[in-house]
Amino acid sequence: MFDSLGELKRTGYCGDLRVADAGRNVVLMGWVHRRRDLGQLIFLDLRDRAGICQVVCNRDQYSEAHAKADEVRPEYVVAVEGRVFRRQRPNPELASGDVEVMAMRVHILNNAKTPPFQIEDETNANEETRLRYRYLDLRRHKPHRNIALRHRVVFEIRKVLDDLGFYEIETPMLTRSTPEGARDYLVPSRIHHGQFYALPQSPQIFKQILMISGMDRYFQIVRCFRDEDLRADRQPEFTQLDLEMSFPRQQDIFEVIERVMERAISVIGAMVRRPFRHMQYKDAIRRYGSDKPDLRFGMELQDVTKFLEPARATFGFEGNVYALVAQGAAAWSRKQLDELAELGKGAGAKAIYTIKVTPEGVASSLDKTLGADAVTNLAKSLGAKRGDLIVALAAKEQIPGTDSAALVAGQVRLRLAEQLGLMSKDRWEFLWVTGFPLFEWSEAEKKWNSAQHPFTGIVEEDLEKLESAPGEVRSKGYDLVLNGVELGSGSIRIHRQDVQARVFKALGLSDETARQRFGFFLDALTYGTPPHGGIALGIDRMVALFAGEKSIREVIAFPKTTAAQDLMAESPSNVDDDQLDQLGIQVKPKEKPTAGGA
């Protein structure tokens, strides 16, 4: 028989009890984490969202409480009335480990089946099982900690933006489809048969319209949706900090976001220096082989093309050759070097050439091709010291518009840093990357596409190149990067209708197509649009970094799998034919692949 909660009121959380509470009468409520029966004494570890405390049930002192404790099992829901005492043997693994509660009454509020996995921080359950029983997985301390961290980060963001005069404004969840970039999630309309809403990939157009409306400073912690293939840092529905300002300089937006990030990261006790560093896109690629460089360590790329030029015919590489100096890695084994070579080849390297700087001198397979003296001069030019390993890379092929070798070297740089332990978890390096190209060429489509989105502003002196040399046009876009992870992108927007029309034309959009997709926004631009700009930052990625998690799924209460499924709620799911009939929808059977795998 279960007990009723009745008028019983909880006095506090289990994990919050401390020595100062000794002598107090308390009422605690939670789940039985563990039960230990020693006959006269039964110990219950009681768990709630704040943590665990030890409850002692003594048969000689409180026999009814002891009898109740004899009935409970792990994950039973109970309420305990008792008194707090200092423990004779403190448990340093518990925040409440200096005290325990002597139970005077135990109330069994509900029972529980045996869970499919232990409710412990370290569990052997695979991710699929954890997500299927997410309500049990969330009882563990680690997910609790991540969700609490997410709350505090978002709360600080809201506070600092309120202090800076921003309005939090909600934009529509049901809007129109504007097929640009990722695929939309479509929502059929019952009232308007054959027509569909789309879930927003971003509030981009609406937040720009808010600037046209004179709201001046807008933000939103907003849910967005993209029907795309998933990775560890992607979900079909995700949360972002969306922000827009009227009449800003680029620096004004940077200053706002830097204050936001300073407050957000303070939640984990970290401090950052403002202003953040800045780097041009082309310099990021040249120096680090990435448009989101990790600045927690050096190991910059160095162009050694002139040294390897005599080997070009022998090795058959294209473009530039870049080298990295890995300090102290000359002692790496053949196996480690082979793994590095495989990584480079998988990333598009023609080959990886290594040079070991040892006390005996410089050793490399390049000696045969370049000569020992040339290899020694190469090592000296790079400033390599004894014990260092030099890694040089050339690309298989040069992709038009990119420095392919630099991009390959950038991936190898990250692997070297990981192996050498250079990625400190206690160091936070923010970076603004600016000067992105406005367009990127699609070889498959044989046309220019937006490198960000078609409303991104243009550097004024490049306007004259818009039609004649679109590949040379620089945008007013910028990315915020933290420890090699892109937190988000933004830009100063196009606020003139004539410039917006020219950009659409450069993208191959006819006036009719542009009006069909963005008609209401183009109309709004004609009614006195102020200069404006903003940014969107991924809350999921941000919190995952702060929590030290590799996957954003670990900081989302109810995430989807990489197959875009909610295993707990069993969605997506089939719906009744009646529902489809009301919407005027007929589901076509999926076509089977033809013979030959076409």
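Position labels on residues start from 1 in each chain and follow its written sequence. Where totals are concerned, whole chains, interfaces and linings use all residues; where local detail is concerned, this predicted model gives features only for residues with pLDDT of at least 70, and gives and counts side-chain atom pairs only at 80 or more. Calculation of side-chain values draws on the structure's entire complement of heavy atoms; hydrogens and water are dropped beforehand.

*Asks:* If you had to explain the sheet that holds strand S4 (residues 77-86) to someone new, which residues and values would you point to?
*Replies:* The strands that make up a sheet are held in pairs by hydrogen bonds between backbone atoms, and each pair lies either parallel or antiparallel. In space, the five strands of this closed barrel follow the order S1-S2-S3-S5-S4, with mixed pairing throughout. The sheet shows a mean angle of 55° between the axes of neighbouring strands, direction not considered. Strands are treated as partners if at least two bridges between them are detected by DSSP. Helix and strand definitions here come from DSSP, where helices need a minimum of 4 consecutive H or I residues and strands a minimum of 2 consecutive E residues; each element is numbered from the N-terminal end. Looking at chain direction, strand S1 (residues 25-37) and strand S2 (residues 41-48) are connected through six bridges and run antiparallel. Its bridge partner lying in S2, tryptophan 31 is registered against arginine 47. The sheet contacts of helix H1 (residues 63-71) involve S1, S2, strand S3 (51-58) and strand S5 (99-110), and relative to S5 the element is tilted by about 60°. To obtain an axis, a line is fitted to C-alpha atoms, over the contacting stretch when the element is a helix, and the angle between two such axes runs from 0 to 180 degrees between their N-to-C directions. Here a residue-residue contact requires only that any non-hydrogen atoms of the pair lie within 4.5 Å.

*Asks:* Which residues make up a negative patch on the surface, and what values go with them?
*Replies:* Only residues whose relative accessible area exceeds 30% and that form no salt bridge enter a patch; like-charged residues are grouped when within 9 Å of one another, and nonpolar side chains (Val, Leu, Ile, Met, Phe, Trp, Tyr) when within 5 Å. Note that accessible areas follow from Shrake-Rupley with a 1.4 Å probe, and for residues the cover is restricted to the protein chains shown. By definition, a salt bridge exists where a carboxyl oxygen of Asp or Glu is found within 4 Å of a side-chain nitrogen of Lys or Arg. Asp and Glu are treated as the negative residues and Lys and Arg as the positive ones, with His and the ends of the chain left uncounted. Where a charge sits is defined by one atom per residue type, namely NZ (Lys), CZ (Arg), CG (Asp) or CD (Glu). The grouping of Asp576, Asp577, Asp578 and Asp581 at the surface amounts to a negative patch. Topologically, aspartate 578 is positioned in helix H17 (residues 577-583).

*Asks:* Now, about the nonpolar core: what can you tell me, with residues and values included?
*Replies:* Definition used in this section: a nonpolar core is a set of buried Ala, Val, Leu, Ile, Met, Phe, Trp, Tyr and Cys residues joined via side-chain atoms within 4.5 Å. In this scheme, a residue with accessible area under 20% of its type's maximum is buried, one over 50% is exposed, and one in between is partly exposed, where area comes from a 1.4 Å probe on protein chains only. Core analysis: the largest hydrophobic core is formed by 44 residues, its most contacted members being Ile157, Leu161, Met261, Met542 and Phe546. Once residues lying within four places of it in the same chain are set aside, the contact partners of isoleucine 157 are Ile221, Leu241, Val260, Ala264, Ile539 and Met542. Ala329, Leu337, Ala349 and Leu416 belong to the second-largest nonpolar core, a separate cluster that totals 24 residues.

*Asks:* Lay out the pattern of salt bridges in plain terms, naming residues and giving numbers.
*Replies:* On inspection of all chains with the given rule, the structure shows 47 salt bridges. With a shortest N-O distance of 3.5 Å, arginine 132 and glutamate 128 are connected by a salt bridge. Note that arginine 132 and glutamate 128 are positioned in helix H2 (residues 127-132) at a spacing of four residues, about one turn of the helix. Note on arginine 132: relative accessible area 33%, which makes it partly exposed. One connected set of salt bridges, linked through shared partners, spans Arg130, Arg134, Asp137, Arg140 and Glu554.

*Asks:* Outline helix H16 (residues 539-547), listing residues and values.
*Replies:* Taking burial as the measure, the nine residues of H16 include eight buried ones, the bulk of the element. Buried within H16 we find Ile539, Asp540, Met542, Val543, Ala544, Leu545, Phe546 and Ala547. Positive backbone phi, approximately 75°, marks glycine 548, located one or two places after H16.

*Asks:* Could you give me a rundown of the packing of helix H10 (residues 334-347) against helix H13 (residues 404-419), with the residues and numbers involved?
*Replies:* For the pair H10 and H13, the least separation of the axes is 9 Å and the interaxial angle reads 150°. In terms of their interaxial angle, H10 and H13 are classed as roughly antiparallel. Classified by chirality, the crossing of H13 by H10 is right-handed. Note on element contacts: H13 touches H10 through Val408, Gln411, Val412, Arg415, Leu416 and Gln419, opposite Gln336, Leu340, Leu343, Gly344 and Ala347. The nonpolar class holds Ala, Val, Leu, Ile, Met, Phe, Trp, Tyr, Cys and Pro. Asp, Glu, Lys and Arg form the charged class, and all remaining residues, Gly among them, are polar. Its residues assigned to classes, the contact of H10 with H13 shows six nonpolar, four polar and one charged. Oblique is the label for every angle not falling under 35 degrees (roughly parallel), over 145 degrees (roughly antiparallel), or within 65 to 115 degrees (roughly perpendicular). Working rule for handedness: look at the near helix, and if it is turned counterclockwise from the far one by less than a right angle, call the crossing left-handed; if clockwise, right-handed.

*Asks:* Now, about the side chain of glutamine 235: what can you tell me, with residues and values included?
*Replies:* Relative to the elements of secondary structure, glutamine 235 occurs in the loop between strand S9 (217-225) and strand S10 (237-246). Given a relative accessible area of 2%, glutamine 235 falls into the buried group. Think of a polar contact as two N or O atoms within 3.5 Å of one another; within protein, one of them needs to be a possible hydrogen donor and the other a possible acceptor, and neighboring residues in sequence only count if both atoms come from side chains. A polar atom in the side chain of glutamine 235 sits 2.6 Å from the backbone nitrogen of lysine 560.

*Asks:* Let's hear about a nonpolar patch on the surface: which residues, and what values?
*Replies:* A surface patch of nonpolar side chains, about 250 Å² in accessible area, is lined by Met173, Leu174 and Tyr197. Within the element layout of this structure, tyrosine 197 appears in strand S8 (residues 196-198). With a relative accessible area of 34%, tyrosine 197 lands in the partly exposed category.

*Asks:* Kindly report on helix H4 (residues 141-163), identifying the contributing residues and their values.
*Replies:* Compared with the 33 Å implied by 1.5 Å per residue over 23 residues, the 33 Å span of H4 between its first and last C-alpha is a close match. Looking only at H4, the buried set comprises Pro143, Asn146, Leu149, Arg150, Val153, Val154, Glu156, Ile157, Val160 and Leu161. Its buried side turned inward, H4 meets helix H3 (134-137), S9, S10, helix H6 (250-265) and H16. With its phi angle positive at about 85°, glycine 165 sits one or two positions after the end of H4. To estimate how far a helix should extend, the number of its residues minus one is multiplied by 1.5 Å.

*Asks:* So what's going on with unusual backbone geometry? Residues and values would help.
*Replies:* Looking along the chain, the bond that leaves arginine 274 and enters proline 275 is cis, with omega of -5°. Checked against the element boundaries, proline 275 lands in the loop between H6 and strand S11 (277-280). Here glutamate 75, not a glycine, exhibits a phi torsion of approximately 75°, which is positive. Mapped onto the fold, glutamate 75 is located in the loop between H1 and S4. A positive phi angle, close to 55°, is found at phenylalanine 247, a residue other than glycine. Tracing the chain through its elements places phenylalanine 247 in the loop between S10 and H6.

*Asks:* Before we move on, can you summarise the pairing of strand S18 (residues 439-442) with the specific residues and values?
*Replies:* Of the strand pairs in this sheet, S18 and strand S19 (residues 447-450) are connected by four bridges, and their pairing is antiparallel. Directly across from glutamate 440, in S19, lies its bridge partner asparagine 449. Joining the antiparallel neighbours S18 and S19 is a turn of four residues, in which lysine 446 adopts a positive phi near 55°.

*Asks:* I'd love a proper account of the sheet that holds strand S17 (residues 430-434), names of residues and values included.
*Replies:* Pairing is mixed across the open sheet formed by eight strands, whose spatial order is S6-S9-S10-S22-S21-S20-S17-S11. Each end of this open sheet is capped by a strand with a single partner; those strands are strand S6 (167-168) and S11. Where S9 meets S10, nine bridges bridge the pair, whose relative direction is antiparallel. Opposite cysteine 224, over in S10, you have phenylalanine 238 as the bridge partner. The sheet strands contacting H4 are S6, S9 and S10, and the helix crosses S9 at an angle near 150°. Helix-sheet contacts for helix H7 (residues 281-288) involve S11 and S17, and the interaxial angle to S11 is about 90°.

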